[in-house]
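# Summary of structural features
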Amino acid sequence: MARLDGRVAILTGGAKGIGVHYARTLAAEGARLMIADISDGRGLAGELARDHGANSVASRVTDVSDEGAVKALVADTMDRFGKIDVLINNAALFAPLQEQSCTDIDAALWDRVMAINLRGPFLMVKHVVPHMKAQAYGKIINIGSGTAFRGIPWMLHYVTSKGGILAMSRALSRELGEHGIRVNTLAPGFTMSETVIAENPQHVETARARAVASRALKRDQQPQDLLGALVFLASADSDFVTGQTIAVDGGNVNT
């Protein structure tokens, strides 16, 4: 039996980049999946439904910073699948961000990063948790970043937002544990995803060698490196794990 058989998952940011790899793995492991993204995920959902069952995967275009859109996504998921067992807060603004001094970051950009990277996960939790409480079980996986531990320069908006994700997971784990809801953070290192390569080659040029040099395992990180930890956190294997951060980064940070 696949490790996620019978589970329903919402994956935000699932139509592009690392999210596509997450989506394919969740579906392959038996999850019924709702893909939510600002980009249209219908093509990916159709591909996965053909491979894993006609009614197993759906998608919805969603801006996670918009509460109305989040409420509609959650309602659509409940109508389609009848429950929500796993929430993966993966949607984030990162790939197109340019390295900048803290004094050069535009306030509107700062607000947009916080709206997507912090307000978005909060809104998803706000509207998913009541359904998890009703069944006295749930898994929330917040996607963090190793940058929050290392405090890298020139990306203050992004690093600050991911520091908030770590704090959010810890606080939520204390608040929701009595309801059988586990909350953990998966913290990737600098990952060579298709989107960051395509959208920000300058950041790849400056960050890639620096990231490899700081790791115990001296190679690039690929999206596939994250998939085992993701499935572990989404499955029954981690039912006694909550409030934790799993850094998957080749030994860059020690959590």
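First, a word on scope: everything that follows refers to the structure included in this document. Because the structure is predicted, anything quoted here is derived from the model rather than measured.

### Focus: helix H2 (residues 42–52)
Along H2, the residues that are buried comprise Leu44, Ala45, Leu48 and Ala49. The arc that holds every buried residue of H2, seen down its axis, measures 130 degrees, which confines them to one face. Of the residues in H2, the exposed ones pointing more than 90 degrees away from the buried face are Arg42, Gly43, Arg50 and Asp51. Lining the buried residues of H2 we find helix H1 (17–28), strand S2 (32–37) and strand S3 (57–61). Backbone geometry just after H2 places Gly53 at a positive phi near 125 degrees.

### With respect to the pattern of salt bridges
Tallying each qualifying case throughout the model produces eleven salt bridges. For Asp40, the salt bridge is made with Arg42, and the minimal N-O distance between the two is 2.6 Å. For Asp63, the salt bridge identified is with Arg112, shortest N-O distance 3.6 Å. Taken as a pair, Asp63 in the loop between S3 and helix H3 (67–81) and Arg112 in helix H4 (residues 107–135) lie far apart in primary sequence, 49 residues in all. Judged by relative accessible area, which is 35%, Arg112 ranks as partly exposed.

About the thresholds
- Residues numbered from 1 in each chain as written.
- Predicted model: local features only at pLDDT ≥ 70, side-chain atom pairs only at ≥ 80, totals over all residues.
- Heavy atoms only, no water.
- Buried < 20%, exposed > 50% of the residue type's maximum accessible area, 1.4 Å probe, protein only.
- Helix = DSSP H or I, 4+ residues; strand = E, 2+ residues; numbered from the N terminus.
- Arc of directions from axis to C-beta.
- Contact = heavy atoms within 4.5 Å.
- Salt bridge = Lys/Arg side-chain N within 4 Å of Asp/Glu carboxyl O.

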